[in-house]
Each structure stands twice: as C-alpha cells, then as structure tokens.
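Notes for the structure review
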Amino acid sequence: MSFPPYAGSERSTHIGGIAPSLTLIVVGTLALTASDAGWSAEKKYGPGVTDTEIKIGQTIAYSGPASSFGTTGHTISAYYRMINDRGGVNGRKINFISADDGYSPPKTVEQTRRLVEQEQVLAIVGSLGSPTNASVQRYLNDRKVPQLFLFTGAARFLDPQTYPWTMAGDLSFVNETRAFARFVIEDKPDAKIGILYQNDDYGKDHINGLKSGLGDKTASMMIIAEVPYESTERSTADRPAQGVGGRCAGRGLIAEIRRPIHPQGLRHRLDAIAYRQLPGRLNPLTLQPAGLDKSVGLVTAAFLKEPGDPTWKDDSEVAEYVAFLKKYSPEADPNDWANVIAYYHAAAVVHLLSACGDELTRENLMYQAAHMDHVDVPMLLPGITFDTGPTDYSPVKQMQLRRFDGIRWVGFGGIVNG
C-alpha cells in the first residue's frame, strides 16, 4: 500500500483564549473520491470533524529538559502546511493544535484535558515521551479518544488488550535493545556491560530488552552496573555516567539509555567511556562537540533513511524531504533526526486520516490504525513497512544496526527483526 497524491491550502493562527503555547495549524490532503475508493456515501463524523476540517492535537516539549524535540513539532506543522497547499484530506483541512507540555507529566495532563474537553479534538497524535504519554493514557482510553503514533516505543503503548485506544509510532524499545544484545554476544562475547538509564518506562523497557536478548545467565555475567537518573533532570546524569564509565573503563561497554542530550554533556560521557555501544539516534552534528574521534565505534539502530548519508544521494524520497524543508521550514536542519522522524510521522497520520474516507469517527480511526498492511511511509528504510493487526499495535518492527566510523553512520548486517 502506498500514499495517494495530496493537495490543499493552509492557515496558521493562535487560538483566542488559549495559552500561548497552543498553536493551531490547519492542514489537509487531497483524497480519492468516495466512488473511487469504494466508501459509503454516508458521512459519519466524530468530535472535531466537519465537512471542511479535521481537528487533531498533540503535546510535545517546546520547553524544559526535552526541548530539543521542539523542532519535531515545528516540522510536523510545516508538513501539514505543505499538504494543505495541495488540497485537503478528502476535501477537509486539518486543524493541528500542538501544545507545549515541557516534558512534564502534570503539564501533559493539563494540556491533554484542554485538547479533549475544550478543543474537542478527534484524536491525540504524535505526543512525545513515555512518562508524559503514560500520565494521560488511562484518561484517554476511558474516554475512547485515540492516542496514536506516539513518539515512544515503550511496551505499555503497544498493548491493545489493556489500552485499545493507544498505539505507539516508534520502534519497540524492547525489540531495539534485543537487537543490541545479539550484536554484543556476537561482537564482544566476553564484555562487561554498564547501563545508565532513564528511570521510567523508556529506560526500563530498554533494560528488559537487553536482558531478554542476552538471556538470564549471560545477562547476570555481563551486566556489572545499572545506574538510573531522573528524566526531569537536565544535567545530573553526567555524574552517574562518569561512575558507570569508570567501572567499565578498559574492559566493557556502556549502554546509555536516555533521550538526546546537550552536546556538552555528551562530551563528558564519551571521555569516560573506553568502548561504547550507544542505543540512540545521534547525528554527526550532535557528536562534533564531543569529538568525532571519541565517537568512533558507537552503535545505534535505525529504521529511517539519513539524508546526509551518500547512500541516499539519488533517492527520490530524500530529495522530496529536503525540498520540503527548504520551502516550508528553511531554518530546520535536514540532517537532524528529529526533523526526519517528524516528516515520516506526519505522512503516516495523513495516510491514516485519508484511509478513513468519510467515516471520520474515533472508532474508524482506530480500526484503520489496527489494520495497516505493508503501508509504505516516506523515509522508512527499504524493506520496512507499517504493519498492524487487532492484537498487534507495533507498526514498526524492523531496523538496521549502524556503526559510527568517525564521519557517518554505516549500516551493517541488513534489516533485522526485534
């Protein structure tokens, strides 16, 4: 399955009477006609939907310890403006309300309630973070509000039996770190592992995946340190990182499990690490302040194309992505992973809304999300597609391991399943 062509126009305003952190972006996509797609002529709408618009909401960190992800929200908005310039989703514009929660769960609760109860959005899509999304998961499920394509891969957001209205949009953290474990067993079977992890579902899922991939006996022999830190802290992870690095210096690996950090903090951590394996998504520009020579040997997992990789210099999807940023968000860095994943995410949302046809209800939105079959989403690596089912809420299941060579990330081993 692939995406239909789109068309639309755009408008962007701040909402009167709402906190300044709430920005309204109107977007749309051209659709197939009802007769072309085989949809019923009867229109069925849920909250936030009319003949002319679809209202969806998001919480993300434009401020606070995870504010580096603010560019993700801006790029999603820019993508919707582009789609709007080309038409509309089956003739409807998207009112996209992106609210700043500062990566603070209490603020997430406040902003999500505002989006659901005051703004009457059809769904919450693309909200950031494990602790933040967890804080509103029960609230949204109790009210049967779709919580879709979240920027997290924690297991609790991939559990349709317990949370049928919630679906993550990131690679499963458990599956990701299982792949790292298999790599460690093959590459450094005698290594000792020190783990610095974010003390929430994000970090704990990665630890569970690592231990699962290693196996109980091997994990007990290889893992010599597990040090948590709090996700709300901007810099205090430096001290435990140095401690883990000291315990592993000269003989082991560091598995650092956390959201992206400021380059200055990264420098301190790399200085303390002798041999490094780092689950995460760091582009060369992020690594430069720490010293590219200190970054050689870092290993990460990827499921998206990297625009700066010469492998994709003639790739049509990458060319379209770069052209999109140049026109709609010229200040954005095309090599920033946060912008790549925003582009991929927004395209997936537009596909899902388009698949709903004229039955834009919360129930049909979840039905379509749970019945994706080999959906091609722009910027996914070749061979990776979106696939879900009523008991499978993990859209992305495959990845490729990559190693940093001092200049760029180089893939090895082909596409693997978690």
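This one's a predicted model, so the numbers in the text were calculated from it and none came from an experiment. Residue positions are given per chain, counted from 1 along the sequence in the order it is written. Given that this is a predicted model, residues contribute local features only at a pLDDT of at least 70 and side-chain atom pairs are listed and counted only at 80 or more, while totals for whole chains, interfaces and linings are drawn from all residues. Heavy atoms throughout the structure, all of them, feed into the side-chain values; hydrogens and water do not.

**Focus: the sheet that holds strand β15 (residues 398-404)**
For clarity, the cut-off: Only strands joined by at least two bridges in the DSSP assignment are considered to pair. The helix and strand labels rest on DSSP assignments: H or I over at least four residues marks a helix, E over at least two residues marks a strand, and numbering proceeds from the N terminus. Lines fitted to C-alpha atoms define the axes, with helix axes restricted to the stretch in contact, and inter-axis angles between N-to-C directions lie between 0 and 180 degrees. In what follows, a contact means two residues having at least one pair of non-hydrogen atoms within 4.5 Å.
Read across the open sheet, the three strands follow the order β13-β15-β16; overall the sheet is antiparallel. What marks the edges here is a single partner per strand, and that holds for β13 (299-302) and β16 (409-417). Within the sheet, the average angular offset between the axes of one strand and its neighbour, ignoring direction, is 30°. Direction of pairing for β15 relative to β16: antiparallel, over a ladder of seven bridges. Considered in β16, the bridge of Met399 is made with Val416. Packed onto the sheet, helix α5 (residues 173-187) meets β13, β15 and β16 and runs at close to 50° relative to β15.

**Looking at unusual backbone geometry**
Note on backbone geometry: most residues besides glycine have negative phi, and most peptide bonds are trans. A positive phi angle is found at Tyr103, which is not glycine, with a value near 55°. You can see Tyr103 is positioned in the loop between β5 (93-100) and α3 (105-118). Even without being a glycine, Gln120 presents a positive backbone phi close to 55°.

**So, helix α2 (residues 70-85)**
Note the cut-off: Multiplying 1.5 Å by the residue count of a helix minus one yields the expected span of that helix. Residue burial is assigned from relative accessible area. The probe radius is 1.4 Å, only protein chains are included, and a residue is buried under 20% of its type maximum, exposed over 50%, and partly exposed in between.
Relative to the 22 Å expected for 16 residues at 1.5 Å per residue, α2 spans 23 Å between its end C-alpha atoms, a close match to the ideal helical length. Of all 16 residues in α2, twelve are buried, a share of seventy percent or more. Of the residues trailing α2, Gly87 is marked for its positive phi of about 155°.

**A short note on the confidence of the model for the protein chain**
Threshold: Predictor confidence is given residue by residue as pLDDT, running from a minimum of 0 to a maximum of 100.
In this model, the protein chain carries an average pLDDT of 80, and 76% of its residues clear a pLDDT of 70 or more. Confidence drops under a pLDDT of 50 for residues 1-40, and excluding neighbours within four residues, the segment shows 137 contacts in the predicted structure. In the predicted structure, residues 261-281 sits below a pLDDT of 50 and forms 72 contacts with residues beyond four places in sequence or in another chain.

**As for the packing of helix α13 (residues 337-355) against helix α14 (residues 362-369)**
Quick reminder of the rule: Should an angle lie under 35 degrees it is considered roughly parallel, over 145 roughly antiparallel, and from 65 to 115 roughly perpendicular; all remaining angles are considered oblique. Left-handed describes a crossing in which the near helix is turned anticlockwise from the far one by less than a right angle; the clockwise case is right-handed.
Interaxial distance between α13 and α14 falls to 9 Å at its minimum, and their mutual angle equals 120°. Judged on the interaxial angle alone, α14 and α13 are oblique. Pair α13 / α14 crosses with right-handed handedness. The segment α13 lies against α14, with Leu352, Leu353 and Ala355 engaging Leu365, Gln368 and Ala369.

**Describing the environment of Lys204**
Secondary-structure assignment places Lys204 in helix α6 (residues 201-214). With 24 residues separating them along the chain, Lys204 and Pro228 place their C-alpha atoms 9.3 Å apart. Filtering out sequence-adjacent residues up to four positions away, Lys204 remains in contact with Tyr197, Gln198 and Asn199.

**A short note on the pairing of β5**
Counted only if it meets this: A clockwise path from the first strand over the helix to the second, with the strands pointing away from the viewer, defines a right-handed crossover.
Among the eight residues that make up β5, seven are buried, leaving the element largely enclosed by the rest of the structure. Across eight bridges, strand β4 (residues 53-60) lies against β5 in parallel orientation. Within β5, the residue paired with Gln58 across the bridge is Ser98. The parallel pair β4 and β5, bridged by α2, forms a crossover whose chirality is right-handed.

**Here we look at the packing of aromatic side chains**
Quick note on the threshold: In this analysis, rings of Phe, Tyr and Trp, with Trp reduced to its six-membered ring, are considered paired at centre separations within 6.5 Å, and the interplanar angle assigns stacked below 30 degrees, edge-to-face beyond 60, and tilted for intermediate values.
One pass over the structure, following the stated rule, counts twelve aromatic pairs. Summarising the aromatic geometry, the rings of Tyr79 and Tyr343 are spaced 5.2 Å apart at their centres and angled 85° between planes, so their arrangement reads as edge-to-face. Of this pair, Tyr79 sits in helix α2 while Tyr343 sits in helix α13, and the two are 264 residues apart along the sequence. Tyr343 carries the same exposure label as Tyr79, and that label is buried. Here the aromatic rings of Phe303 and Tyr344 are separated by 5.6 Å at their centres, their planes lie at 70°, and the arrangement is edge-to-face. Of this pair, Phe303 sits in the loop between β13 and α12 (316-328) while Tyr344 sits in helix α13, placing them 41 residues apart in sequence.

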